[in-house]
Amino acid sequence: QLVESGGGLVQAGGSLRLSCTASGRYTMGWFRQAPGKERAFVAGISVSTGTTEYADSVKGRFTVSRDNAKNTLYLQMNSLKPDDTAVYYCAARFGYSVSSTRRDYTYWGQGIQVTVSS
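Everything in this summary refers to the structure shown in the same document. For clarity, every value in this text was computed on a predicted model and none was experimentally measured. (Residues numbered from 1 in each chain as written. Predicted model: local features only at pLDDT ≥ 70, side-chain atom pairs only at ≥ 80, totals over all residues. Heavy atoms only, no water.)

Our next topic: the environment of Arg32. Relative to the helices and strands, Arg32 resides in strand β4 (residues 27-33). C-alpha of Arg32 to C-alpha of Ala86: the two residues are 54 residues apart in sequence and 5.8 Å apart in space. Ignoring anything within four residues of it in the chain, the contact list for Arg32 reads Glu38, Arg39, Ala40, Val42, Ser57, Val58, Phe62, Asp83, Asp84, Ala86, Val87 and Tyr88. Within the local environment of Arg32, its side chain forms a polar contact with the side chain of Asp84, the two groups lying 2.9 Å apart. At 2.9 Å, the side chain of Arg32 forms a polar contact with the side chain of Tyr88. (Helix = DSSP H or I, 4+ residues; strand = E, 2+ residues; numbered from the N terminus. Contact = heavy atoms within 4.5 Å. Polar contact = N/O pair within 3.5 Å; in protein donor to acceptor, adjacent residues only side chain to side chain.)

With that settled, the discussion passes to the pattern of salt bridges. With the rule as written, the count across this model stands at three salt bridges. Arg32 is the partner of Asp84 in a salt bridge, and the nearest nitrogen-oxygen pair spans 2.9 Å. On the criterion of sequence distance, the pair formed by Asp84 in the loop between β8 (72-77) and β9 (86-93) and Arg32 in strand β4 is long-range, its members being 52 residues apart. Residue Asp84 shares its accessibility class with Arg32, and that shared class is buried. For Arg61, the salt bridge goes to Asp84, with nearest N and O atoms at 2.7 Å. In this pair, Arg61 sits in the loop between β6 (52-54) and β7 (62-67) while Asp84 sits in the loop between β8 and β9, placing the two residues 23 residues apart along the sequence. Assigned by exposure class, Arg61 and Asp84 land together as buried. (Salt bridge = Lys/Arg side-chain N within 4 Å of Asp/Glu carboxyl O. Buried < 20%, exposed > 50% of the residue type's maximum accessible area, 1.4 Å probe, protein only.)

It is worth spelling out the packing of aromatic side chains at this point. In total, this model carries eight aromatic pairs according to the counting rule given. Taking 5.6 Å as the distance between ring centres and 65 degrees as the angle between the ring planes, the aromatic pair formed by Tyr26 and Tyr107 counts as edge-to-face. Note that Tyr26 is positioned in the loop between β3 (16-22) and β4 and Tyr107 in strand β10 (residues 107-108), a separation of 81 residues in sequence. On the basis of relative accessible area, Tyr107 is assigned to the partly exposed category, the value being 34%. Taking the centre distance of 6.5 Å and the plane angle of 75 degrees together, the rings of Tyr89 and Trp108 count as edge-to-face. Of this pair, Tyr89 sits in strand β9 while Trp108 is found in strand β10, placing the two residues 19 residues apart along the sequence. By relative accessible area, Trp108 is classed as partly exposed at 26%. A cation sits over an aromatic face here: Arg39 above Tyr89, 3.6 Å from the ring centre. When the ring centre of Trp108 is taken as reference, the NZ or CZ atom of Arg39 above it lies at 5.1 Å. (Phe/Tyr/Trp six-rings, centres within 6.5 Å; stacked < 30°, edge-to-face > 60°. Lys NZ or Arg CZ within 6 Å of the ring centre and 35° of its normal.)

So, about the state of the cysteines. Counted according to the given criterion, the structure contains one disulfide. Linked covalently through their sulfurs, Cys20 and Cys90 form a disulfide whose S-S length is 2.0 Å. Between Cys20 and Cys90 the disulfide shows an S-S torsion of about 50 degrees. By sign, it is right-handed. A residue pair is termed long-range when its members are at least 10 positions apart, and Cys20 in strand β3 and Cys90 in strand β9 qualify at 70 residues. Neither Cys20 nor Cys90 differs from the other in exposure class; each is buried. (Disulfide = S-S within 2.5 Å.)

Nothing here speaks to function; it is geometry throughout.
Below you can see the structure in the form of structure tokens.
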């Protein structure tokens, strides 16, 4: 089970931090889905090495991290833009490598809204 928190409304240029608490230890990812668009990979982190990957659109602005002691995943989002507005989902997969492919993830959170106003 995955439970997200931390979404909300923020002005462009602002910051938000999303959290996702898992019931176990997995390689984790963040995805987002804007209205009328496909769910897309944002960032991910390996359960074993801590290796991270990012979508080009968020590199340099977003940081994914995890606290293994708390089984919690984070997404620090800075310099937010209106184009970042979406429902954000955390996801968990078995295996050690990060994947940007939706079907590689087994468990999904319920999603949390992030709205960036201009």
